[in-house]
Structure formats: C-alpha cells, structure tokens
Amino acid sequence: MIIKPVIKGVVSKSAHPEGCRHAIMEQIKYCQSHLQQINNGPKRVLILGASSGFGLAARISLTFGGAKCDSIGVSFEKGPSEKSIGTAGWYNNIFFKEFAEAEGRIAYNVIGDAFSDDVKNKVLNLINKDFDGEVDLIIYSLATGQRSDPATGNIWRSCLKTTGSAFTGKTVNIEDNKLESTIIDVASEAEIADTIKVMGGDDWESWILWLKENNVLTKKTKTIAFSYIGPEMTYPIYHTGTLGKAKQHLHETSDRLNKLISTDKHSGAYVVVCKALVTKASVYIPCFSPYILCLYKVMKSMGLHETCIGQMHRLFTEYLYNVDNVVVDSSRLIRIDDLELREDVQQKVIDLMSKMNDENFTSVGDYIGYKKEFLQLNGFGFESVDYNHQVDIDYLMKLKP
Ligand code: NAI
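Residues numbered from 1 in each chain as written. Predicted model: local features only at pLDDT ≥ 70, side-chain atom pairs only at ≥ 80, totals over all residues. Heavy atoms only, no water.

Per an unreviewed UniProt entry, the protein goes by the name Enoyl-[acyl-carrier-protein] reductase [NADH] and belongs to Escherichia coli. We quote the UniProt Sequence similarities (unreviewed entry) comment for the protein here in full: "Belongs to the TER reductase family." Listed in UniProt under the heading Function (unreviewed entry), the comment for the protein reads: "Involved in the final reduction of the elongation cycle of fatty acid synthesis (FAS II). Catalyzes the reduction of a carbon-carbon double bond in an enoyl moiety that is covalently linked to an acyl carrier protein (ACP)." (UniProt positions renumbered as here; feature names shortened; annotations may be inferred.)

In structure tokens form, the structure reads like this:
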C-alpha cells in the first residue's frame, strides 16, 4: 500500500514507517557527528515518554552521542491494525531499538499507560533483570491530556485554558493551512487542579518514590523533567495559564525530589526549561502557533534554531554531564531556553508578530518549516524517502517494539 499524510486539524492520522526510520537515523547522525560527545554519561537510563519529541531525542543522544547508554523507554503507542497503520511513535520505538541493538546496546520498549501499576512493575522487572537493579538517570517526558488513577480508576483530564481573563488570538490549522480565530476560556478551579494532576509533578514524584522504595536508585542517580516558560507575550497562553500552573507544580516537585534523592553534586532532581518546538503535543496549544512561526523564522535567520535533538544533546554535553556541577539558574532550573529568550531574538519576534495577519502568515512566519517539522514527526516530508514505494503491511504487522 501507499501511505499518504492524513491531517485532521493539527493531528496526523497516518504515519510513514520508512520516514520514521529516516527521522531516527538523522537524529543518530546528528549526535554521532557532533563535535561534543557526552563524557561520563549515564549507562542505565529510564525514559518515560520515549517514543517522540524530547524523550525520544534524549534517548538517541544518550545512546549514540557518547554515553552509550542502555535504556528502557515507556510510551503509549498503537501498532498497525485493520483500521490504521499505527502511530509514528510505534515505529520510532521499533527502529530506535533496531539501531541501538546493532550497536550492542540494550533497548527495551514498554508500551502501556505510564500511570498504571502494571507498567511500573514491568519497568522494575527489567531494571532488576538487565540493569543490575540500578538506574542512573530517569527522564520524565510524558505529555498527555489525561491521567488515570490506578487506585480508584478515576480519570483526570487536563485543559489548555487561561487563568484570570479570557484570551483571543489565532491558531494555525495545519489541515487547511489557515490561521483561525480562537478564544481561550478561563479555567475553573477544578480544571486547574485537574491539569496540575495530569501535567504537574505528581506522577513524576510517584515514579521516583516508588523506584526509591524498590532500592533501584543509586547515590549518583539523577532525574529530569521538562518545562516551558517562554516570553511575557505568551504568558496568558502558557505560563500563567493552566499548563503553566502545572509546570509550577513540576518545579516545586523537583525541589522536593532533589532533597529526597540528592546525596552530592552527582545526583539530584532537575527541571529542564526547553525551547518552544513543534511536537505532537505542542501543536495542540491554542494561540501558540503564531509565536512559534515567528520564533522559527527569527532563530533560523540568526543561525540559532535547534530541534529536539539539538536541545537534548546540548543539555547533556553542556549542562548535565561534561561539567563539574549541573548548570542551573538562581531558581535551580536548567535553562536551555536561553537562546529563545535572548533579547535580540525576542525583539525581532515581536516585530514580526506585529506584521503577521491571516493572509501573510505563511511568509512572515516560517510556516513552511513549521509544517515540514510537523510532517516529519509523522515520517513524511523527507526528500530521500520514496513515498511512492509500496509499503508491505504484512511485514509491518510482524515488527514488534
Ligand atoms: P510528545 O507528544 O512528542 O511526547 C510525549 C510522550 O509521552 C510520547 O512518547 C507518548 O507516547 C508518551 N505518553 C503520553 N501519554 C502516555 C501514557 N499515559 N503512558 C505512557 N506514555 C505516554 O511531547 P513533547 O513535546 O516531547 O513533551 C514532553 C515534555 O516536554 C512535556 O512535559 C512538555 O510539556 C515539555 N515541553 C515541550 C515543549 C515543546 O515545545 N514541545 C517545550 C518545553 C517543554
């Protein structure tokens, strides 16, 4: 069969396996050819949310960028069926594992709900079986709209709303290549609390406490989770909105976890504040896309643009490893959003945003780059992949993550 992109709004309903393989390969090449390699990096790594975005990039950087780590990756992805080809993350898991094993690395993929006891037990068994009962780094990179409580079966749902007053702006519709007017409503107290439950630090904490109780943390174990702050103009959409409240909770959690697991400068819990990037999760954030379009345009023109792999490799080689002490700001946050927030970058972004309208957004902003990255997340848009080649669905059905 021939697989074509099928986009609904900002969601890709199809994925191209060969393109996903290619995307993994490109990220591996980036790390292998990078001048700076990770020294004294972690050898046994657990990644929660390993199949796409920052989690996948972190896994690739730590495996192929000098540290040569073995890894367990947890993700929630679907394989091929009668109805669909499966998700990009499914194929990312398969091809990452294939490449890692070819280099002699252990790479397990645990597919399931990271909030469940079942997945926790599977991970613990693997750590005990193949990691000598120890883990050096735990990366928390889940992005999801809901979380189930294994004790009660209750489901919390997050929402992307403001707090304070409603916000009116524009959002890109990738399916129709249009900017659409959007009103972001004000969240209720219950909605804020639920979003914190889903995207705050609660689940990260429960994983770390549970791993500690099961004695798999060492004196040198580190754990990281990802956050976003952004410039003031995006505060109503993000930083002071429901997601920002959840991230605030994540930041507070990192301080609590740090007290619990840090024995010296080689261990501890940290929040990494990343740059705004196109990922499966971020395209959902209402009214955020015009800012990203302008940011991409400016950062590319200044030679400062990074994708997930660039961000993660810089994190490990300049902030977390290869350094005497973890590099943090005065709030103990690791700031790899430094280039995005540079004053000269932000001034240019403000200028561009003031010129952008419904007619010119594809040229004023980097819409071509934005859409290309979106398509590539799903295995489409690579020049060297032959999209007219017949994909063998029976073969794909046999591939296991
Ligand atoms: P993504 O959508 O690319 O990846 C999310 C991962 O979580 C996938 O591997 C998915 O399978 C997994 N996942 C979701 N629900 C799950 C569940 N119930 N059980 C197991 N796995 C599950 O997202 P992205 O953008 O890489 O986000 C990762 C983190 O980075 C999030 O905390 C996000 O807020 C943060 N971040 C993202 C930025 C961006 O611009 N994309 C900027 C700064 C921070």
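Additional details are given in the paragraphs that follow.
A word on the sheet that holds strand E12 (residues 268-273). Read across the sheet, seven strands follow the order E5-E4-E3-E6-E11-E12-E13 without closing on themselves; strand pairing throughout is parallel. Bordering the open sheet on either side are strand E5 (107-111) and strand E13 (333-335), each of which pairs with just one other strand. Adjacent strand axes in the sheet meet at a mean angle of 20 degrees when their direction is disregarded. Alignment of strand E3 (residues 44-48) against strand E4 (residues 70-75), held across five bridges, turns out to be parallel. Across the sheet, leucine 48 pairs through a bridge with valine 74, a residue of E4. (Pairing = 2+ DSSP bridges. Helix = DSSP H or I, 4+ residues; strand = E, 2+ residues; numbered from the N terminus. Axes fitted to C-alpha atoms, helices over the stretch in contact; angles between N-to-C directions.)

What follows covers the UniProt feature "active site" (unreviewed entry) in the protein. As recorded in UniProt, the feature "active site" (unreviewed entry) lies at Tyr238. Mapped onto the elements, tyrosine 238 comes out in the loop between strand E11 (217-227) and helix H7 (242-261). Take tyrosine 238: its relative accessible area is 6%, and that puts it in the buried class. Beyond its immediate chain neighbours, meaning those up to four positions away, tyrosine 238 contacts Tyr228, Leu243, Gly244, Lys247 and Ile285. (Buried < 20%, exposed > 50% of the residue type's maximum accessible area, 1.4 Å probe, protein only. Contact = heavy atoms within 4.5 Å.)

Around the ligand lies a shell of 31 residues, among which Ser51, Ala114, Lys247, Leu277 and Thr279 are the nearest. Within the backbone of glycine 112, an N or O atom sits 3.3 Å from a nitrogen atom of the ligand. Between the ligand and the protein, one listed contact pairs an oxygen atom with a backbone N or O atom of alanine 281 at 3.5 Å. When isolated, the ligand has an accessible area of 840 Å², and the protein chains bury 94% of it. By residue class, the composition of the shell around the ligand is 15 nonpolar, 11 polar and five charged. (Near = heavy atom within 4 Å. Polar contact = N/O pair within 3.5 Å; in protein donor to acceptor, adjacent residues only side chain to side chain. Areas by Shrake-Rupley, 256 points an atom, 1.4 Å probe, with all protein chains shown as cover. Nonpolar A, V, L, I, M, F, W, Y, C, P; charged D, E, K, R; others polar.)

The subject of this paragraph is the pattern of salt bridges. All told, the structure shown has 21 salt bridges when counted by the stated rule. For the salt bridge of glutamate 101 with lysine 97, the shortest nitrogen-to-oxygen distance reads 3.7 Å. Of this pair, glutamate 101 and lysine 97 both sit in helix H3 (residues 88-102), four residues apart, roughly one helical turn. Judged by relative accessible area, which is 42%, glutamate 101 ranks as partly exposed. Under the relative-accessibility criterion, lysine 97 is labelled buried at 18%. Members of the salt-bridge network, linked through shared partners, are Arg44, Glu134 and Asp136. (Salt bridge = Lys/Arg side-chain N within 4 Å of Asp/Glu carboxyl O.)

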